[in-house]
Amino acid sequence: MTDERWIWGAGLATRAADGTVLDTWYPAPEAGRAPASADTSALEPFAGPDERREVTVEVVVVEIDLDAAPSSTSDAYLRLHALSHLLVAPNELDLTGIFSHLPNVAWTTAGPVHPEAAARLRPALQRAGIQTQGIDKFPRLTDYVTPAGVRIADASRVRLGAHLAPGTTVMHEGFVNFNAGTLGASMVEGRISQGVTVGDGSDIGGGASIMGTLSGGGTHRVSIGARTLLGANAGIGISLGDDCIVEAGLYVTAGSKIVLANEAPLHDGTRPVVKGAQLSGQNGILFRRNSLSGAIEAVRREGKGVTLNEALHA
């Protein structure tokens, strides 16, 4: 195994009173193997107990093999950091069983708290001005990483482990899950589910949804190419290539019956019909709903699918 498939980091792990590791923050993870003697002096002043939250913060040095499954909470957090620090792209590391290493945590304005302790300490926490912002396995991206050249309107909508390339804008209703995100400057006003990647110059319209693989038994990892537009309130369960457009409000899945509007008519005068899966990943297609028949149509098109506002994504 070469050092190219390893990531290491020195960080601060938060341990609850019952021994549960709640999280680990890595300020500057790096590619390669951990050095024999990592310098942790910058972290040591922040280690120690926090009686308000009934936790102890510990300095840790962790290295991970990207081709092996997560083995601990600190290991899992380093994988999420590697994605959000753009050291590795979505789907390029092993995340098998990651949920079992991520405890449910009460995320507060003072840091992570064990849910049982958060309920029991509520009066003292409130008196100290500490608020609980959520209870979940994943924290907000911006509590751990400040991605360069990225705008995020609502921090609660982007999880740690999201991969956001410079020039990306995530608007208030946009959502980006872990192990998902953008590969270039993109506009995100809809939902990017786990495992989904969006190419440079593409636009995920307001209320739009992209199917992931976490539920429903799906195995296909959906991707969107460059300069592609997923219209407002539209959705896809297939991949889109470059320069595609999905009409607003239209949902296209692998099983959708789609009329090939550019193809020559059959002997009975109708156009050929295929399933959505047969068009998955192809470039230059407009998906639309025929307003008279209600049928979904695929129309071959030329030129760019969408052009983003350069000033907005600079």
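Residues numbered from 1 in each chain as written. Predicted model: local features only at pLDDT ≥ 70, side-chain atom pairs only at ≥ 80, totals over all residues. Heavy atoms only, no water.

The protein carries the name 2,3,4,5-tetrahydropyridine-2,6-dicarboxylate N-succinyltransferase in an unreviewed UniProt entry, which gives Microbacterium aurum as its organism. In its Subunit (unreviewed entry) section, UniProt records this for the protein: "Homotrimer." (UniProt positions renumbered as here; feature names shortened; annotations may be inferred.)

Caption draft 1: How the structure looks around the overall build of the protein. Check the secondary structure of the protein and you find three helices and 27 strands. Counting every position in the protein, which comprises 314 residues, the buried fraction comes to 49%. Summarising the internal contacts of the protein: among those between residues at least 6 apart in sequence, 48% fall at separations of at least 24. Accessible surface, the protein: about 14,500 Å² in total, of which carbon and sulfur atoms supply 50%. Distance between charge centres in the protein, computed from 25 positive and 33 negative side chains, equals 7 Å. (Helix = DSSP H or I, 4+ residues; strand = E, 2+ residues; numbered from the N terminus. Buried < 20%, exposed > 50% of the residue type's maximum accessible area, 1.4 Å probe, protein only. Contact = heavy atoms within 4.5 Å. Areas by Shrake-Rupley, 256 points an atom, 1.4 Å probe, with all protein chains shown as cover. Lys, Arg positive; Asp, Glu negative; His and termini not counted. Charge placed at Lys NZ, Arg CZ, Asp CG, Glu CD.)

Caption draft 2: Examining unusual backbone geometry more closely. The phi dihedral of Glu-54 falls on the positive side, at around 55°, and the residue is not glycine. For Glu-54, the position within the fold is in the loop between strand E4 (48-50) and strand E5 (55-65). Phi at Asn-91 takes a positive value of approximately 70°, unusual for a residue other than glycine. Along the chain, the position of Asn-91 falls in the loop between helix H1 (73-84) and strand E6 (105-108).

Caption draft 3: A look at the sheet that holds strand E26 (residues 285-289). As summarised here, the arrangement of the 10 strands in space is E9-E11-E14-E17-E20-E22-E26-E27-E24-E25, forming an open sheet in which the pairing is mixed. A single partner strand is all that each edge strand has here, and the edge strands are strand E9 (151-152) and strand E25 (273-275). Relative to strand E22 (residues 245-246), strand E20 (residues 229-230) runs parallel, the two sharing two bridges. Bridging from a neighbouring strand, Leu-230 pairs with Val-246 of E22. (Pairing = 2+ DSSP bridges.)

Caption draft 4: Inspection of the environment of Ile-238 at higher detail. Inspection of the secondary structure assignment puts Ile-238 in the loop between strand E21 (235-236) and E22. Residue Ile-238 is classed as buried on the basis of its relative accessible area of 2%. C-alpha of Ile-238 to C-alpha of Glu-263: the two residues are 25 residues apart in sequence and 21 Å apart in space. Other than its neighbours up to four places away in sequence, Ile-238 contacts His-220, Val-222, Val-252, Thr-253, Ala-254, Gly-276, Ala-277, Ser-280 and Phe-287.

Caption draft 5: Expanded view of the packing of aromatic side chains. Summed over the entire model, instances satisfying the criterion amount to five aromatic pairs. Ring centres of Tyr-77 and Tyr-144 lie 6.1 Å apart, and the angle between their planes is 45°; on these two criteria the pair is classed as tilted. Taken together, the positions of Tyr-77 in helix H1 and Tyr-144 in the loop between strand E8 (132-136) and E9 put the pair 67 residues apart, joining distant regions of the chain. Tyr-144 shares its class with Tyr-77; the two are buried. With 6.5 Å between their ring centres and 85° between their planes, Trp-107 and Tyr-144 make a pair best called edge-to-face. Of this pair, Trp-107 sits in strand E6 while Tyr-144 sits in the loop between E8 and E9, placing them 37 residues apart in sequence. For the residue pair Trp-107 and Tyr-144, the accessibility class agrees, reading buried in each case. Of the aromatic side chains, those joined through ring pairs into one cluster are Tyr-77, Trp-107 and Tyr-144. (Phe/Tyr/Trp six-rings, centres within 6.5 Å; stacked < 30°, edge-to-face > 60°.)

Caption draft 6: Up close: the side chain of Asp-50. For Asp-50, the location among the structural elements is in strand E4. Looking at Asp-50, its side chain comes within polar contact range of the side chain of Arg-52, at 3.1 Å. Polar contacts involving the side chain of Asp-50 include one to the side chain of Arg-53, which spans 3.0 Å. (Polar contact = N/O pair within 3.5 Å; in protein donor to acceptor, adjacent residues only side chain to side chain.)

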